[in-house]
Amino acid sequence: MKIFLLGGTKDSINIIEFIKKNYDAYILTTTTTEYGAKLAREGGSDDTIARPLPKDEITELILDGKFDILIDTTHPFAEHITQTSATIAKELKIPYIRFERPTTNFEDIDISHIHFVNSFIEAGKLIDDKFKEGNILHFAGANTMEDVLKYVPTERFYPRILKVPSSLEKCEELKVDPNHIIPMTGAASTDENIELIEKYDASVMITKESGEIGGVIDKIEAANEKDIAVIMIQRPEIKEVDKKDMVSNLDELDYKLKSYF
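Residues numbered from 1 in each chain as written. Predicted model: local features only at pLDDT ≥ 70, side-chain atom pairs only at ≥ 80, totals over all residues. Heavy atoms only, no water.

Along the chain, the regular secondary structure elements total ten helices and twelve strands. For the C-alpha atoms alone, the extent of the chain along its principal axes is close to 55 × 40 × 30 Å. Expressed as a percentage of the 261 residues in the chain, the buried residues total 51%. Sequence separation of 24 or more characterises 69% of the internal contacts of the chain that already satisfy a separation of 6 or more. (Helix = DSSP H or I, 4+ residues; strand = E, 2+ residues; numbered from the N terminus. Buried < 20%, exposed > 50% of the residue type's maximum accessible area, 1.4 Å probe, protein only. Contact = heavy atoms within 4.5 Å.)

As structure tokens, then:
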């Protein structure tokens, strides 16, 4: 079985490890960064590509490599690549699986500090309107900073990002103070988030609803402890993906793979 896997998340590493343990499979993993590719190789991926790929190149790679299945394990907010991958699979008539990590279970969590919005533009506008004092912790990646910074000053803005060239270039382009950049090496614990809130005198935190694996609960608990606001961007719904092609855990993935092979 030859698998073309769109990766770059912790989920993708778990999936690579699971497939290599349970199936006779060759996996090519694509990520947008060398860091993501390194993790994929460590997880057992047979080969990796560490750069963003346009639709035509993905199509060509799948056809030339005679891949049997396309698995999309990208971030829940990587809307464009998920739309693209679902479309490619339909055009090539090959099996497609979208791994969508479970949404956060808010049932037993105090959500009184959370303000739910649908976009980073809405987040920026909300801060400009209601949170004019204190600093802003941006826990949502380098590619989402621009929309927020249309409405909030850079002197209040502290992004937690991977220190990779593309992210640092984005910060430079947006005139984010290099001393404001918080290096990211993985999801932070509640205590680590509390330390960041205190260190940077934050009054508000921006994050995505990226599920428990993305550290959302730890962020909320830290914000509750320090009595600061959380602006949470809700997940996009991607109409190109058929619900029957979606799985949210390894058991569902296993069942889906066995139905194809």
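Having seen it, we continue.
Glancing now at a negative patch on the surface. On the surface, a cluster of negative charge is contributed by Asp191, Glu192, Glu195 and Glu225. Among the elements that line the negative patch, the one with the most residues is helix H8 (residues 190-199), at three residues. (Patch = residues over 30% accessible without salt bridge, like charges linked within 9 Å, V, L, I, M, F, W, Y side chains within 5 Å. Areas by Shrake-Rupley, 256 points an atom, 1.4 Å probe, with all protein chains shown as cover. Salt bridge = Lys/Arg side-chain N within 4 Å of Asp/Glu carboxyl O. Lys, Arg positive; Asp, Glu negative; His and termini not counted. Charge placed at Lys NZ, Arg CZ, Asp CG, Glu CD.)

A complete count under the given rule lists five aromatic pairs for this structure. Both rings, one in Phe4 and one in Phe67, keep their centres 5.4 Å apart while their planes meet at 85°; by these two values the pair is edge-to-face. With Phe4 in strand E1 (residues 2-6) and Phe67 in the loop between helix H3 (55-65) and strand E4 (69-72), the pair connects residues that are 63 residues apart, well separated along the chain. The pair Phe4 / Phe67 is uniform in exposure class, with both members buried. Plain terms: the ring middles of Tyr26 and Phe67 are 6.2 Å apart, the flat faces sit at 40° to each other, and that makes the pair tilted. Residue Tyr26 is located in strand E2 (residues 26-31), and its partner Phe67 is located in the loop between H3 and E4; the two are separated by 41 residues in the primary sequence. Overall, the relative accessible area of 9% leaves Phe67 in the buried class. In textbook terms, an aromatic cluster arises when at least three aromatic residues are bridged by ring pairs, as seen for Phe4, Tyr26 and Phe67. Taking NZ or CZ as reference, Lys2 lies 5.3 Å from the ring centre of Tyr26, over its face. (Phe/Tyr/Trp six-rings, centres within 6.5 Å; stacked < 30°, edge-to-face > 60°. Lys NZ or Arg CZ within 6 Å of the ring centre and 35° of its normal.)

Another aspect to go through is unusual backbone geometry. A positive phi is found at Lys93, a non-glycine position, where the angle reads about 55°. Checked against the element boundaries, Lys93 lands in the loop between helix H4 (79-92) and strand E5 (96-99).

Listing the buried residues of helix H10 (residues 250-260) in full gives Leu253, Asp254, Lys256 and Leu257. The buried residues of H10 all sit within an arc of 165° when viewed along its axis, so they share a single face. Set apart from the buried face of H10 by more than 90 degrees, the exposed residues are Asp251, Tyr255, Lys258 and Ser259. Considering only its buried residues, H10 is in contact with helix H1 (10-22), E4, E5 and strand E12 (246-247). Sitting at the head of H10, Asn249 places a side-chain oxygen 3.1 Å from the backbone nitrogen of Asp251. (Arc of directions from axis to C-beta. Polar contact = N/O pair within 3.5 Å; in protein donor to acceptor, adjacent residues only side chain to side chain.)

Attention shifts here to the environment of Lys244. Following the sequence through the fold, Lys244 ends up in the loop between strand E11 (229-233) and E12. Take Lys244: its relative accessible area is 55%, and that puts it in the exposed class. Distance in space between the C-alpha atoms of Lys244 and Arg98 is 9.4 Å, their sequence separation being 146 residues. In terms of polar contacts, Lys244 uses its side chain to reach the side chain of Asp245, at 3.4 Å.

Reading across from one edge, E6-E11-E10-E7-E8-E9 is the order of the six strands in this open sheet, with parallel pairing throughout. Looking along the sheet, the strands with just one partner apiece sit at the ends: strand E6 (114-117) and strand E9 (182-183). Here strand E7 (residues 135-139) pairs with strand E10 (residues 202-208) via five bridges, running parallel. Paired with Leu137 across the strands is Met205, a residue of E10. The sheet strands contacting helix H5 (residues 120-130) are E6, E7, E10 and E11, and the helix crosses E11 at an angle near 160°. (Pairing = 2+ DSSP bridges. Axes fitted to C-alpha atoms, helices over the stretch in contact; angles between N-to-C directions.)

The next thing to look at is the side chain of Thr144. Note on placement: Thr144 falls in the loop between E7 and helix H6 (145-149). Looking at Thr144, its side chain comes within polar contact range of the side chain of His138, at 2.8 Å. Looking at Thr144, its side chain comes within polar contact range of the main-chain oxygen of Gly141, at 2.9 Å. When sequence neighbours within four positions are dropped, the list of residues in contact with Thr144 reads Phe120, His138 and Lys208.

Quick look at the packing of H1 against H10 now. It is the contact of H1 with H10, at a shortest axis distance of 11 Å, that shows an interaxial angle of 50°. With respect to their mutual orientation, H1 and H10 come out oblique. As H1 runs across H10, the sense of the crossing is right-handed. Contacts between H1 and H10 involve Asn14, Ile15, Phe18 and Ile19 from the first element and Leu250, Leu253, Asp254 and Leu257 from the second. Per-class residue counts for the contact of H1 with H10 are six nonpolar, one polar and one charged. (Parallel < 35°, antiparallel > 145°, perpendicular 65-115°, else oblique. Left-handed = near helix turned anticlockwise from the far one by under 90°. Nonpolar A, V, L, I, M, F, W, Y, C, P; charged D, E, K, R; others polar.)

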